[in-house]
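# Close look at the chain arrangement
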Amino acid sequence: MSRSIPFLELAPMHRDLADELKAKFAALLEKGLFSGGEEVEVLASSMQEFLKVPYAIPCANGTDALELALRALEVGPGDEVIVPALTWVSTAEVVKMVGANLVFCDVDADGLMDLTLLPSVISPNTKAVIPVHLYGKMMDMKSLAAIAQKTGIKVIEDAAQAFGAFQGGKSAGAYGDIGCFSFYPTKNLGALGEAGMLTSHDGGLSERLRLLLNHGQPQRDVHELIGRNSRIDTLQAAFLNVKLSYFTPWQQRRKALAKLYLDHLQHLKGIKVPSSILQENHNAHLFTIQTNQRDALKECLSKKGIGTAIHYPLPVPAMKPFGEIDAFPVAARIGKTTLSLPLHPYLREDEVRYVCEEVQRFFNKA
Ligand SMILES: Cc1ncc(COP(=O)(O)O)c(C=O)c1O
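So, here's what we can say about the structure. (Residues numbered from 1 in each chain as written. Predicted model: local features only at pLDDT ≥ 70, side-chain atom pairs only at ≥ 80, totals over all residues. Heavy atoms only, no water.)

## Description of the site of the ligand
- Around the ligand lies a shell of 15 residues, among which Gly-62, Thr-63, Asp-158, Ser-182 and Lys-187 are the nearest.
- Within the contact set of the ligand, an oxygen atom lies 2.9 Å away from a side-chain nitrogen or oxygen of Gln-161.
- One nitrogen or oxygen atom from the side chain of Lys-187 is found 3.1 Å from an oxygen atom belonging to the ligand.
- Surface burial for the ligand is 93%, taken as the share of its 390 Å² of free accessible area covered by protein chains.
- Judged by the fraction of its atoms near the pocket grid, the ligand is located in the largest pocket. (Near = heavy atom within 4 Å. Polar contact = N/O pair within 3.5 Å; in protein donor to acceptor, adjacent residues only side chain to side chain. Areas by Shrake-Rupley, 256 points an atom, 1.4 Å probe, with all protein chains shown as cover. 1 Å grid on protein atoms, 1.4 Å probe; cavity = no way out; pocket = protein on both sides within 12 Å on 5 of 7 lines; lining within 4 Å. Sits in = over half its atoms within 2 Å of the grid points.)

This is the structure:
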């Protein structure tokens, strides 16, 4: 029997939510309100409550959030910023965008910035570090915060993949000076377009972020600093308000499916499974395995109608705009061995079982 299991399918979720989403669209169309307004304020306050943070500031997307965070902390030319060698390109791009110097740190076996290496890349010019909670798994933030405090560097958390992950009761994004989130449509909380958010526990920084993303305006026609337009669309805020109310059951569903994957795959020889995915500090955004036979497995699953994805094939320093530097062996190895299997709240148990059977068949044959 031939089946089709895409890596990610958004249509069933949106079919379920269609009436509520259409009602939001109709209401805003009627009001003619597309920037700012109550939906944006509601999103900010719901996020503050959900993440247990004093300040949440919606913005246009996750990349802008990271860049605004650097600007708010006055990071610029002459400063160094440390980022992990394995991440989505945005984390590194923004450092270049503000004119600072990029310093890469290799990752550990799970793909997170290696905290044993971090002290060796900190210099007197280091102004900030951007830890990335890759695949939805949080870095050890207590240890990172201790290093940052000792060396006086700022922490900007790239929590773009980590919405809904908590460590010691504290949300991803709540440990650093500033937290950055993405609501890109494929994220575990996705808008119907582009959207992002910043969090902070510092009132002064939050106010600065709010000004920076709105042309430096505390009020109309008063400009206090050079900023830009990185406001969230009202429509996206409204859609996110709908989706946030479903987030907890979606998260539980992801965990249940991740458990099913683990039950079937954890004893299989030849693959490394994300064994901590059921913990609170992992939001089960991605179910990412590692295997030396990644390309063959990907192709075999594709022939069986199973979609997979690679997060990410190349370490950022090895990319053309970053100098094609091949000096981060763990990131490079993960780039060659990593494979993300389908995982979303609308995936069925029988589909997960089918994926597992095909993965098992592949390794048993090998
Ligand atoms: C780790 C990471 N950082 C930053 C971003 C940037 O977010 P956005 O696509 O909303 O700009 C993403 C998402 O794509 C991401 O996964």
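## Comments concerning the pattern of salt bridges
- Evaluated as defined, the whole model comprises 16 salt bridges.
- A salt bridge links Asp-79 to Lys-127, with the shortest nitrogen-to-oxygen separation between them at 3.9 Å. Of the two residues, Asp-79 sits in the loop between helix H3 (62-72) and strand E2 (80-84) while Lys-127 sits in strand E4 (residues 126-129), which places them 48 residues apart along the sequence.
- A residue is classified by how much of its surface remains accessible, and Asp-79, at 16% relative accessible area, is buried.
- Through salt bridges with shared partners, a single ionic network connects Arg-3, Arg-348, Asp-350 and Glu-351. (Salt bridge = Lys/Arg side-chain N within 4 Å of Asp/Glu carboxyl O. Helix = DSSP H or I, 4+ residues; strand = E, 2+ residues; numbered from the N terminus. Buried < 20%, exposed > 50% of the residue type's maximum accessible area, 1.4 Å probe, protein only.)

## Digging into the nonpolar core
- In this structure, Phe-183 and Leu-198 are the most contacted members of the largest nonpolar core, which totals 84 residues.
- When residues of this core are assigned to their parent elements, the largest contribution, six residues, is made by H3.
- For this core, the two domains that each supply at least three residues are domain 1 (11-244) and domain 2 (247-365).
- Residue contacts for Phe-183: discarding those within four places in its chain leaves Met-47, Phe-163, Leu-189, Gly-190, Ala-191, Gly-193, Ala-195, Gly-196, Met-197 and Leu-240. (Core = buried A, V, L, I, M, F, W, Y, C linked by side-chain atoms within 4.5 Å. Domains from an automatic or database assignment. Contact = heavy atoms within 4.5 Å.)

## Regarding the packing of helix H9 (residues 247-265) against helix H12 (residues 349-365)
- For the pair H9 and H12, interaxial distance at closest approach is 10 Å and the crossing angle is 30 degrees. Regarding the angle of H9 to H12, the classification is roughly parallel. Along this stretch, H9 crosses H12, giving a crossing that reads as right-handed. For the pair H9 and H12, contact is made by Arg-253, Leu-257, Leu-260, Tyr-261, His-264 and Leu-265 and by Glu-349, Val-352, Arg-353, Val-355, Cys-356, Val-359 and Gln-360, respectively.
- In terms of residue class, the contact of H9 with H12 is built from eight nonpolar, two polar and three charged. (Axes fitted to C-alpha atoms, helices over the stretch in contact; angles between N-to-C directions. Parallel < 35°, antiparallel > 145°, perpendicular 65-115°, else oblique. Left-handed = near helix turned anticlockwise from the far one by under 90°. Nonpolar A, V, L, I, M, F, W, Y, C, P; charged D, E, K, R; others polar.)

None of the figures reported here should be taken as evidence of function without further support.
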